[in-house]
Amino acid sequence: MRERTGPDATDGGLAPFAVDGSAVAIVNLSSLGGTEEYASGGATFGTLVHASLATVPPDVSPAALDALVATHGRIVGAEGDEVAAAVSVVGAVLRHPLVEGARAAERDGRCHRELPLTMLDGDLLLEGVADLAFEHDGVMTVVDFKTDRPDPETLDRYARQVRS
């Protein structure tokens, strides 16, 4: 895949950019608010957010969201304030217009979370996992969630993740 346009950091980094007819979004969750205290590399918080986004249905009710994130929080040993921040971030992601496409794809069985990916690049086998991938209106969108604070070097590394 070759990148055609660069990532757009508007709307909390949720705006997708095009790669060979697909959309890719590197989602900087720390820009959504509520994560400032944890965005500097808190492994527990990152694990909690990723586990929640991997399992919470896109159309979850607020009460179910609270319960599901709290359950993941207990599993990973998160503190109460980390759980509250994770509920805030996951809720913000689920309310974003980009996720509308994921909701529609979920209803049609075309939404995948923690999707293993492989690609052969010459003799090199590349492997990875897409946090969220869905097909909507004929476009495949792949989303990579990030919970750390991005700096220019980190953003460049993230952009390289989606190029081949």
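Refer to the structure printed above.
Reading the values: rules and limits
- Residues numbered from 1 in each chain as written.
- Predicted model: local features only at pLDDT ≥ 70, side-chain atom pairs only at ≥ 80, totals over all residues.
- Heavy atoms only, no water.
- Helix = DSSP H or I, 4+ residues; strand = E, 2+ residues; numbered from the N terminus.
- Expected span 1.5 Å × (residues − 1).
- Buried < 20%, exposed > 50% of the residue type's maximum accessible area, 1.4 Å probe, protein only.
- Contact = heavy atoms within 4.5 Å.
- Core = buried A, V, L, I, M, F, W, Y, C linked by side-chain atoms within 4.5 Å.
- Salt bridge = Lys/Arg side-chain N within 4 Å of Asp/Glu carboxyl O.
- Pairing = 2+ DSSP bridges.
- Axes fitted to C-alpha atoms, helices over the stretch in contact; angles between N-to-C directions.
- Parallel < 35°, antiparallel > 145°, perpendicular 65-115°, else oblique.
- Left-handed = near helix turned anticlockwise from the far one by under 90°.
- Nonpolar A, V, L, I, M, F, W, Y, C, P; charged D, E, K, R; others polar.

Bringing helix α2 (residues 43–55) into the picture now. Residues that lie three or four places apart on an α-helix share one face, since the helix turns once every 3.6 residues. In this model, α2 (13 residues) spans 18 Å end to end at C-alpha, consistent with the 18 Å of a helix rising 1.5 Å per residue. Within the span of α2, buried status applies to Phe45, Gly46, Leu48, Val49, Ser52, Leu53 and Ala54. The inward-facing, buried residues of α2 abut α3 (62–76), α4 (80–95), β3 (111–121) and β5 (139–146).

Judged by nonpolar contacts, the single largest core of 26 residues is most densely connected at Leu65, Val69, Leu132 and Phe134. Only α2, α3, α4, α5 (97–107), β4 (124–136) and β5 provide two or more residues apiece to this core. With eight residues, α4 is the single largest residue contributor to this core.

What the rule picks out here adds up to four salt bridges. The salt bridge involving Glu100 is made with Arg103; its shortest N-O contact spans 2.9 Å. Taken together, the residues Glu100 and Arg103, both in helix α5 and three residues apart, mark about one turn of the helix. For Glu100, a relative accessible area of 43% puts it in the partly exposed group. A relative accessible area of 13% places Arg103 in the buried class. Close ionic contact of Arg110 with Glu135 constitutes a salt bridge, the shortest N to O distance being 2.6 Å.

So, on to the pairing of β3. Of the strand pairs in this sheet, β3 and β4 are connected by 10 bridges, and their pairing is antiparallel. Directly across from Leu115, in β4, lies its bridge partner Ala130. Where β3 hands over to β4, the hairpin turn is made up of two residues, of which Gly122 adopts a positive phi near 70°.

Helix-helix packing is characterised by the crossing angle of the two axes and by the distance between the axes. Following both chains from N to C, one finds α2 and α4 inclined at 40°, their axes separated by 10 Å at the closest point. With respect to their mutual orientation, α2 and α4 come out oblique. The element α2 and its partner α4 pack so that their crossing is right-handed. When α2 is examined against α4, the residues Thr44, Phe45, Leu48, Val49, Ser52 and Leu53 are found in contact with a partner set consisting of Glu82, Val83, Ala85, Ala86, Val89, Val90 and Val93. Considering only residue class, the contact of α2 with α4 consists of 10 nonpolar, two polar and one charged.

Sheet topology note: the β4/β5 ladder contains five bridges and is antiparallel. Within the sheet, the bridge partner assigned to Ala133 lies in β5 and is Val142. Where β4 folds back onto β5 in an antiparallel hairpin, the turn is made up of two residues, including Asp137, whose phi is positive at roughly 55°.

Here we take up the packing of α3 against α4. One can describe the packing of α3 onto α4 by two numbers: an axis separation of 9 Å at closest approach and a directional angle of 130°. The angle between α3 and α4 places the two elements in the oblique class. Crossing of α3 over α4 shows right-handed handedness. In contact with Leu65, Asp66, Val69, Ala70 and Gly73 of α3, α4 contributes Val83, Ala86, Val87, Val90 and Gly91. When the residues that make up the contact of α3 with α4 are grouped by side-chain class, the tally is seven nonpolar, two polar and one charged.

On their own, these measurements won't tell you what the molecule is for.
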